[in-house]
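Here is what each chain is made of, one letter per residue.
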Amino acid sequence: MEKLRYALYTGCTARESTPELLKSTMAVAEKLGIELVLLDEASCCGASHLQDYDDFLSLVLNARNICYAEKLGLTMVTICNTCQLNTAMTKHRLDTNPELKAKVNAKLSEVGLEYKGTSEVTHFLYAIIQDYGLENLSKKVNVPLSQFNIAPFYGCHNIRPSELQNLSNGGENPYNPTSLDDLIIACGGNNVDYDAKNKCCGFHAELQAPHTAAVLTGNALSGAMDANADWMVTPCPLCHLKLDVQHHNASKAIGREVKLPVLHMPQMVGLALGCTPAELGLQHHVTKVNFV
Amino acid sequence: MDEIKSQQVTFKLFRFNQETDYLPYYNTYVLDVTHEEVILDVLNRIKWDHDGTLSYRRSCRHGICGICSIKINGKAILACKARIFDLIDVFGTDMTIDPLSTKRAIKDLIIDKEDFWDKHAQITPFLVSDVEENPSLENLVSPHDAEKLLEADYCIQCGACHYSCPALEINDRFIGPAAFAAAFRFAADVRDDASVERLHVVNEEAQGVWDCVKCMECAEACPKDVNPIEKITKLHNMIFEAGIAKNNVATRHAVGFAHSIEKHGLLDEGELVRYSEGNIGVLKHMPEAFEMWKNGKIVMPWNMPKSKNMDEVKKLMQSSSTVKF
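Residues numbered from 1 in each chain as written. Chains lettered and ligands numbered in written order. Predicted model: local features only at pLDDT ≥ 70, side-chain atom pairs only at ≥ 80, totals over all residues. Heavy atoms only, no water.

S.K.: Help me out: how do you make sense of the domain arrangement of chain B in this one?
M.R.: Residues and elements named next belong to chain B. Domain boundaries in chain B define domain 1 (6-111), domain 2 (114-131 + 140-241) and domain 3 (249-320). Taking the mean C-alpha position of each, domain 1 and domain 2 sit 28 Å from one another. Contact residues are listed per partner, giving 14 residues for domain 1 and 13 residues for domain 2. Of the roughly 1000 Å² buried where domain 1 meets domain 2, counting both sides, 52% is carbon and sulfur surface. In terms of surface lost to domain 2, no three residues of domain 1 exceed Ala76, Leu100 and Arg104, which account for 35% of the buried area on that side. Put simply, domain 1 and domain 2 have two salt bridges between them. The salt bridge partner of glutamate 169 is lysine 103, with a shortest N-O separation of 3.5 Å. Where domain 1 touches domain 2, the interface holds five residue pairs in polar contact (both at pLDDT 80 or more). Per-class residue counts for the side of domain 1 that touches domain 2 are six nonpolar, four polar and four charged. (Domains from an automatic or database assignment. Contact = heavy atoms within 4.5 Å. Buried area = accessible area lost by both parts, 1.4 Å probe. Salt bridge = Lys/Arg side-chain N within 4 Å of Asp/Glu carboxyl O. Polar contact = N/O pair within 3.5 Å; in protein donor to acceptor, adjacent residues only side chain to side chain. Nonpolar A, V, L, I, M, F, W, Y, C, P; charged D, E, K, R; others polar.)

S.K.: Sorry, what's going on with the packing of helix H3 (residues 114-122) of chain B against helix H6 (residues 177-187) of chain B here?
M.R.: Think of two packed helices as two axes; the pair is described by the angle between the axes and how far apart they sit. Residue and element names in this part refer to chain B. Running from N to C, H3 and H6 cross one another at 25°; their axes reach a closest spacing of 9 Å. Here H6 runs roughly parallel to H3, going by the angle between their axes. Between H3 and H6 lies a crossing whose hand is right-handed. Contact with H3, carried on its side by Phe116, Lys119 and His120, involves Ala178, Ala179 and Ala182 of H6 and no other residues of that element. Along the lines of polarity and charge, the residues of the contact of H3 with H6 split into four nonpolar, one polar and one charged. (Axes fitted to C-alpha atoms, helices over the stretch in contact; angles between N-to-C directions. Helix = DSSP H or I, 4+ residues; strand = E, 2+ residues; numbered from the N terminus. Parallel < 35°, antiparallel > 145°, perpendicular 65-115°, else oblique. Left-handed = near helix turned anticlockwise from the far one by under 90°.)

S.K.: Whenever I open this one, the pattern of salt bridges confuses me. Can you help?
M.R.: Where side chains of opposite charge bring their charged atoms close, a pairing between them can arise. All names here are of chain B. Counted under the stated rule, the structure contains 31 salt bridges over all chains. Of the charged contacts, one joins aspartate 145 and lysine 148 as a salt bridge, the two residues approaching to 2.9 Å between their closest N and O atoms. In the salt-bridge network here, residues are joined through shared partners; they are Arg15, Asp51, Lys107 and Asp108.

S.K.: Sorry if this is basic, but what is going on with the sheet that holds strand E7 (residues 231-234) of chain A here?
M.R.: Backbone-to-backbone hydrogen bonds pair the strands of a sheet. The strands run either parallel or antiparallel. Residues and elements named next belong to chain A. Read from one edge of the open sheet, four strands run E6-E5-E7-E8, paired in parallel fashion. In this open sheet, the two edge strands, each paired with only one partner strand, are strand E6 (190-191) and strand E8 (262-264). Here three bridges tie strand E5 (residues 149-152) to E7, and the two strands are oriented parallel to one another. By the bridge assignment, proline 152 is partnered in E7 with valine 233. (Pairing = 2+ DSSP bridges.)

S.K.: Explain the side chain of aspartate 192 of chain B here, please?
M.R.: Residue and element names in this part refer to chain B. For aspartate 192, the location among the structural elements is in the loop between H6 and helix H7 (195-203). Relative accessible area serves as the criterion here: at 9%, aspartate 192 is assigned to the buried category. There is a polar contact of 2.7 Å between the side chain of aspartate 192 and the side chain of arginine 198. Filtering out sequence-adjacent residues up to four positions away, aspartate 192 remains in contact with Phe126, Leu127, Val128, Phe186 and Arg198. (Buried < 20%, exposed > 50% of the residue type's maximum accessible area, 1.4 Å probe, protein only.)

S.K.: Whenever I open this one, helix H6 (residues 124-140) of chain A confuses me. Can you help?
M.R.: Given 3.6 residues per helical turn, the α-helix brings residues three or four places apart onto the same face. Residues and elements named next belong to chain A. Given a rise of 1.5 Å per residue, 17 residues ought to cover 24 Å, yet the end C-alpha atoms of H6 are separated by just 17 Å, more than 12% below that figure. Remark: the principal bend of H6, roughly 90°, maps to glycine 133. The set of residues buried in H6 consists of Phe124, Leu125, Tyr126, Ala127, Ile128, Ile129, Tyr132, Gly133 and Leu137. (Expected span 1.5 Å × (residues − 1). Bend = angle between axes of the 7 residues up to and from the residue.)

What follows is the structure, encoded as C-alpha cells:
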C-alpha cells in the first residue's frame with residue numbers, strides 16, 4: 001500500500017485540555033505507517049460560536065487553515081468533530097458560492113494566501129476506515145479488545161447534517177451510524193448498542209445552559225452503562241471533555257451516579273495495536289482508565 | 001414497466017388511548033411491502049385491513065400539509081413522503097412507528113401540538129407592516145430581497161424538527177427550531193417592521209437561541225430542507241448586528257473566541273471560561289478545573305500555544321471583522 005500522507009489540523013483542544021488525543025493520534029499514525037504533517041499555522045475553527053458572532057470572519061479564518069493543507073497538496077484530517085464541521089462547512093460554502101469565495105480570497109490575498117478548494121477535509125476516523133481500511137487495520141491488531149464491551153459515542157458534528165457529511169466526510173446515516181461500531185469490531189472489541197450513541201453530549205451549551213448540557217451528558221453515560229458497556233469511545237475531544245470530566249454534574253442533573261472511562265478513538269486503536277498506556281496518554285483522564 | 005419489488009417488514013406500532021389506557025403498548029404487524037409504498041400506505045393498510053381503531057393524522061398526501069409527521073426508529077418523517085424501501089436501506093426490516101412525541105400522545109399517532117403552536121405565537125408569526133389599505137401599486141419584493149429569507153418560508157409546520165430537538169426536550173421554555181425558523185422568516189423580511197421586537201424575544205436567556213446545543217438534529221429532521229440551525233445562527237448574527245446583544249455569559253462565550261484568536265490564533269480555553277463567566281462566576285467551575293489540572297489538562301497562561309504566522313491571523317482579524325460588541 002502506498003504510504004498515506006495527510007495534513008493534520010489538530011484544533012485547540014488536542015493542544016490544551018486533551019493532550020492525550022494528539023499524543024495517541026501520532027502514536028497510532030506511526031504504528032500504521034501514516035504520515036501526519038502538523039498544520040502549526042492553523043488557528044481555531046470558531047467552534048460554531050465565533051460563527052454566531054461574526055460569520056464572515058470565521059469563514060476567512062477557516063479558509064486560511066485549509067490554504068495551508070492546499071499548499072502541501074494534502075487532504076486535511078481533523079481529530080475533532082466540531083473542527084471537522086466548521087472546516088467542511090466553510091469549504092462547502094466557498095466551493096458552491098463563487099461570489100463568497102472571491103470576497104474571502106480578497107481578504108486572504110492581504111496575507112499572500114488564496115483558497116482554491118483543492119484539499120478535501122475528513123475526520124481521522126474516516127481516513128482510517130476508508131483510506132487505510134478496516135481489514136488492513138484488523139491484520140495489525142495484536143492485542144484484540146475481545147474482553148471489553150465498548151460503547152461508541154459518535155458526536156453530532158461528524159454525522160449531521162448528512163448533506164455536508166456526504167460531501168466531505170464519512171457520509172454515514174446519522175440515524176444509524178456504523179463507523180465506530182465497525183472500528184470497535186476491527187479492534188476485536190464487542191460493540192454495544194444504545195439509544196444515545198448518535199445523540200448530543202451537550203458540550204456547546206455547557207456555559208449558557210448548564211442543566212440542559214448536564215442532562216444530555218447524563219443520558220449518554222447512563223445509556224452506555226445500562227447497555228453493560230465497560231467503557232466508551234468517541235472521535236470528538238469535546239464530547240470527551242463532557243463525558244470524562246463532567247460526570248459529577250451529569251449525575252446531579254439526572255439523579256443517578258453515572259461514570260464510565262471514555263477513550264478517544266485513536267486511544268482505542270492504539271490499545272489494540274499494542275501501544276503502551278503512556279504512549280496513549282491514558283494518565284490524563286479524569287475518569288481513570290482502570291482496565292489496562 | 002419496472003417490476004414491482006416486494007419485501008417483508010415487521011412494524012411495531014405505538015398504541016395509546018389517553019381516555020382508556022394507563023400505559024402505551026405496541027402492536028406488531030408483519031407485512032409485505034412494495035417499493036412503491038410510503039409509510040402512509042402501510043398505516044392505511046393496517047387501519048383498513050387489520051384494526052379500524054388505529055388513529056393517525058393525514059390530509060394532503062403530497063408532503064405539503066405537514067400533518068402526517070411521525071417517527072420511524074426515532075427518525076422524524078412525513079408518512080406520505082417517506083418511502084419504505086429508503087427506510088429499509090437505513091434501518092433494515094424492523095421498524096418502530098411512534099408519534100412525534102410519545103409524551104404528548106392523545107390517541108395512537110395523534111399528538112397534542114399545543115406547545116408547538118404556543119412557541120410560534122411567542123415570536124409574532126406574521127408580517128407586521130403598515131400597509132396602505134387601497135394601494136395603487138402592488139407591494140413588490142424583489143427576487144434579491146426574497147432570497148434573504150433563505151427559504152425559511154418553505155416550512156410546513158409539521159413539527160419534525162421541534163420534536164427532534166434535545167434542548168426543547170429538557171427545557172420546555174426553549175422556543176425551539178421551528179419557531180426560530182419562523183422568527184427568522186419574518187425578521188429577514190424587508191417589509192416587516194417588528195424585526196427588533198422579535199429579536200428581543202429570541203435573545204432572552206433560557207427561551208432564546210443561546211440555549212441551542214448545536215446538535216444539528218433539526219437540519220436533519222426537516223423534510224423540506226428548511227435547515228433551522230442555519231436560521232438560528234442567522235438570528236445570533238442579527239442580535240449582534242442590531243446591537244441588542246446583552247452582556248451575559250452566552251454572548252461573551254461567542255465574542256471570547258474572537259479575543260482568543262486575535263491573541264493566540266488558538267483558543268485559550270481557560271481564559272474563554274473566565275471571560276464568559278466573569279471573575280466570580282468562574283469559581284463554580286473550580287472542582288472540575290482542579291481535576292483537570294491534576295491530570296495535566298490545563299495549560300498555564302505562560303505556556304499557551306500559539307499558531308505560527310500570527311501576523312497573518314492578526315491582520316485578518318483586523319481586516320475581516322464585521323461586527324462589534
